[in-house]
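So the chains spell out like this:
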Amino acid sequence: MAEDPSLSLRVSEIKDPAALFERYNTDEIRRIERKVRGEIEQKKEELRQMVGERYRELMDAADTIGEMRQCSESVVQSIQDMHQYCHSLKRGKTSVTSSSRQESQRQWQDKFYTMAAQIKLLLEIPERIWSAMEASQYLQATQLYLLCCHLHSLLQLEAATGGHYSPVLARFPILVRQVATTGHFRSTILLDSRSLLQGRAVSDQAIAEALVSTMLLEGSSPRQALADFLLARKASIHQLLNQPQHGAGIKAQVCSLVELLVTTLFQAYAVFYLPPEGGPRPGEGTLSCGMLFSILEIATANTPAAKGKRVMQGETSTGSWFKYLPPSITEFQPTLRTLAQPIQREQLRDTLQQWIDTCKEVICHGVGGLLVYVKSLKGLAAIRDAVWDLLSTESISQHWSTVCQRLLERPLAVWDDFLQQLFLQRLKAITKEETEAISTSSIQLLTSAVRDLEGQTIHTSSCTSPSFSRGAQFEVDVASFLWSESPGDLLSDAGWVSVSQRGQQHQRSSLAMKTQALTPCVQNFCSSMDAKLKERLDDVQHYLPSQDSGADSNSVSITSSVPITSTSASSFNRYTDSPAVEEAFREGCLACVHSILTSIRSELATTSPKPVPAQLSSVLFMARLCQSMGELCPNLKHCILGKQNGSEATAKGTPRQAKKLGKARTATEFSPAQAKWAGLKEELLNCSMEAYRIWSFSLSKVLLDKFGTALHAESAGAILTTATNWEDLEIQEEAESGSSVTSKIRLPVQPSWFVQSLLFQLCVEVNRVGGHALPRPTLQELLQACHAQVLDHFHSLTQQAPNREAVFPMTQNRALQLLFDLRYLSTTLGCRLEEGKSSRSQQDPRFHEICDWLESFIDPFDLDVFTPPLNSNLNRLSQRTSVLLGLLTGSEKQFSLRSSSLNSQEPYNILPLASSQIRFGLLPLSMSNVRKSKSASRSSEAPHQPEDSFRPGSLFRQLVDQEEDTAAPSLFKLSWLSGMAK
């Protein structure tokens, strides 16, 4: 049997797996695979066994090394013990032999050693003095210096009367230089001691020791030491105020000043104050006091308690030669030249109070100069908070009131007496600067916008290609802005966030802006101003209590009138001046808006006499700006009312709900801030109305001048060009015989062309400036002005001479047309009906005069016949033109007109308007004969409840009722709903 070639194949020979599939079949390849897998498993097992064996060997080697280390350490320890034992045996043998020899030599050398010890001590004292001074131990340095002077007297190192040196100096010339060196120590110790008194981070013990060293060297009294201490601290205050600005921050400087002031009083208490007789002694209570006198007593007295603190007490055990010093040196104590009398409490109080008054002037002047470099309220708040943190530390606040009461016999508030007014003055200055900057930039932006709008209007009127922004074009023609589409018409979250859930701080969509005719120029100006106000508002919030801690701050301010306890005496209420801060910020914002209003009024003053068309766009821009500034700048309201109060006032409810409150409650809750905000809104509204008044006056004058020219036409051709269609009517009259006579009359059904042109141009101009968002008083003033000028032109027509040449005479037909025109204009432009007043009582007396004058040209019998159909034509015309003239006719007129026409047989139904002012007027609906009776029955019930048609949703309810009457599809309903959805 032949050997299988696949079994003789080695694994190492397999280079290319593809070659195996070329040389062998499937079964052979599977056998090769089994062979390779078997060899892999074999190699794994061998590797596993090898690793296990090596690991055991490694562990054995580690154990062996550890045992060797322990053995070697025990051998080395044993050798060291043997060496020490042998050395102790050898030293004991030599000491026995040398002690007897030294005993014999010491007897005759004692006197010499005493002299040598004094000289050696004298030579070592300068080095010890320098070491003590380097360690800031000036009392020890003073004691060593005085000991050195005492050694000089013992060794008689002073120069003799004949100028010869003493015997000691003759034998030891090195002492000559030492005596000269010792003389400089006194001035050096005094200078360093006084410099130590100026330090802020110096312990009470060090201050007392420095003062005691000064008293020992100069022989001064405790009162002089107190004066030196206070002078040093005053110099330290000057040094802090005069250091360069780049060396340390202003916050660190102010905190250092406060810390130095507080520390000075604490150290004055600890060093100079002595309790009255019968009180706790120094060191017995929680506060130490009288350290100056206790240290002075220990340093100078010969009491048993002071013997343990001699000058050479700590040096005796350090060297063998000290035992040869005489007792006059080892027990040396300095003495005072005068008796140290304690400072009287009255003297201490007056001295400290005088020092505080002096430092107050220096600190107020210096800190006031430092705060000039603070440019934000956040920086001021950081400095104030740092001072509060410093004064609120337990080490200061725990005993501050006690120290002030015992030293000054009154409480001392560092913040209130020294810094609060400085910070408040700087805060007012910063607020004034920033609000003036906002007003300046806003005025510049306003001026540039006005100039751009005037230039845009000039370019548009001259039909040249404008180079201005699209926002300026929208300002010139608001209608193009209203009917343009932009990506921001709807917010990105408009699909899932309702309008009621949106706060004032949320971004408003462009569609919402278009509903109020707020053009991009107005939006840009208000957003720029609002962003700057928000920046200032956020800055001032750092100085005011936060909203989450408002309750805590209120409780603190309420309890601030309670007598201060010792636990929180040095800390202060950071927010006591919050009302003053808010008032300063409020006044700054009001001044900012007033300056903007002043600039707007000055711009309006330049255009008010006779505004040119190029200026009307800027006038309307300023009108819209004043009208919407309070709404588009929500942070302005927060600046006036306060951030928390402004949000609460917004969340109180709708104005309708607010009107339901009682007048007494409203009067009590009306704060001064709210009064100022209401006054500011009133000023903005007045300025807006003034600008709108300029526009309405100019518009009415231009349109009515054209109207007057056409009305006063004198030629027959000019009169015929303005004539319109008349209607032929058949009427039946009863003759004298009792039979009916049918006659045909012709009456006007349309106003003259110049009347239609006037009303149409008026609607076009109103729509061009966003008439749906015009204030109702402005629209009423415009209509009243137009109505008054119409009456003026008609009245001037009545004053013309009747027999002038080249003047077309007033015929009956012309009088009928003019009477129709006048009544139609009076109906359209007349004032709205008010409650309790009839329409006739509100009409101008000239209207009746003109009507009487025109009726005088009509035959009285014809006038009686013409009046009923003429009134019908007038009502029908008013209803037909209500869609086109929607902005000029109000819902009150439409309702009255509709109700008066219910009994007529006109095949028209008029859809009532909503109760609020809308853009479009009434929409005509066709109706069938089947629905005519039902609609008439419904309309007969309408006068009983006239207000139902004005309620929200009445339009939809009417559509539903009409849909129930007939199953025919309503094309109007679908198109109307689609129009509402756009």
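Refer to the structure above for everything that follows.
This is a predicted model, so every value here is computed, not measured.

Parameters and conventions
- Residues numbered from 1 in each chain as written.
- Predicted model: local features only at pLDDT ≥ 70, side-chain atom pairs only at ≥ 80, totals over all residues.
- Heavy atoms only, no water.
- Helix = DSSP H or I, 4+ residues; strand = E, 2+ residues; numbered from the N terminus.
- Buried < 20%, exposed > 50% of the residue type's maximum accessible area, 1.4 Å probe, protein only.
- Contact = heavy atoms within 4.5 Å.
- Pairing = 2+ DSSP bridges.
- Phe/Tyr/Trp six-rings, centres within 6.5 Å; stacked < 30°, edge-to-face > 60°.
- Core = buried A, V, L, I, M, F, W, Y, C linked by side-chain atoms within 4.5 Å.
- Salt bridge = Lys/Arg side-chain N within 4 Å of Asp/Glu carboxyl O.

A. Focus on the overall build of the protein chain. Within the protein chain, the secondary structure is distributed over 40 helices and 4 strands. Going through the 982 residues of the protein chain one by one, you find that 39% of them count as buried. Here the analysis covers contacts within the protein chain between residues at least 6 apart in sequence; of these, 76% occur between residues at least 24 apart.

B. The arrangement of unusual backbone geometry in detail. A positive phi angle, close to 60°, is found at S136, a residue other than glycine. Tracing the backbone through its elements, the reader meets S136 in the loop between helix 2 (26-134) and helix 3 (138-154). Since its relative accessible area comes to 34%, S136 is described here as partly exposed.

C. Spotlight on the pairing of strand 1 (residues 726-734). Examined bridge by bridge, strand 1 and strand 2 (residues 740-748) share 9 bridges and lie antiparallel to one another. Across the sheet, residue W726 finds its bridge partner in strand 2, namely P748. Connecting the antiparallel pair strand 1 and strand 2 is a turn made up of 5 residues, with G738 showing a positive phi of about 100°.

D. Representation of the packing of aromatic side chains within the structure. Across all of its chains, the model carries 8 aromatic pairs by this definition. A centroid spacing of 4.9 Å and a plane angle of 55° characterise the contact between W415 and F423, whose relative ring orientation is tilted. We classify W415 as buried; its relative accessible area is 1%. On the basis of relative accessibility, which here comes to 0%, the residue F423 falls in the buried class. Geometrically, the ring pair formed by F707 and F794 is tilted, given 6.2 Å between the ring centres and 50° between the ring planes. Of this pair, F707 sits in helix 29 (residues 672-711) while F794 sits in helix 32 (residues 776-798); the two residues are 87 residues apart in sequence, bridging distant segments of the chain. Exposure class is identical for F707 and F794. Each is buried.

E. Fine view of the nonpolar core. F272, L419, F621, M629 and F707 are the most contacted members of the largest nonpolar core, which has 208 residues in total. At 15 residues, helix 9 (residues 250-272) tops the list of elements feeding residues into this core. Dropping the residues within four chain positions of it, F272 is found in contact with L211, P222, A225, L226, F229, Q267, L292, F293, I343 and L348. In this structure, F474, V478, L482 and A773 belong to the second largest nonpolar core, which totals 6 residues.

F. View of the pattern of salt bridges. If you walk through the whole model with that rule in mind, you get 22 salt bridges. For E409, the salt bridge goes to R349, with nearest N and O atoms at 3.0 Å. Taken as a pair, E409 in the loop between helix 16 (400-408) and helix 17 (414-461) and R349 in helix 13 (residues 345-370) lie far apart in primary sequence, 60 residues in all. Classification of E409 by relative accessible area gives partly exposed; the value is 39%. In this structure, the salt-bridge partner of D539 is R536, at a minimum N-O distance of 2.8 Å. In this pair, D539 and R536 both sit in helix 21 (residues 520-541), 3 residues apart, roughly one turn of the helix. As far as burial versus exposure is concerned, D539 and R536 are alike and both buried. Among the charged side chains, a salt-bridge network with shared partners connects E583, R586, E587 and K676.

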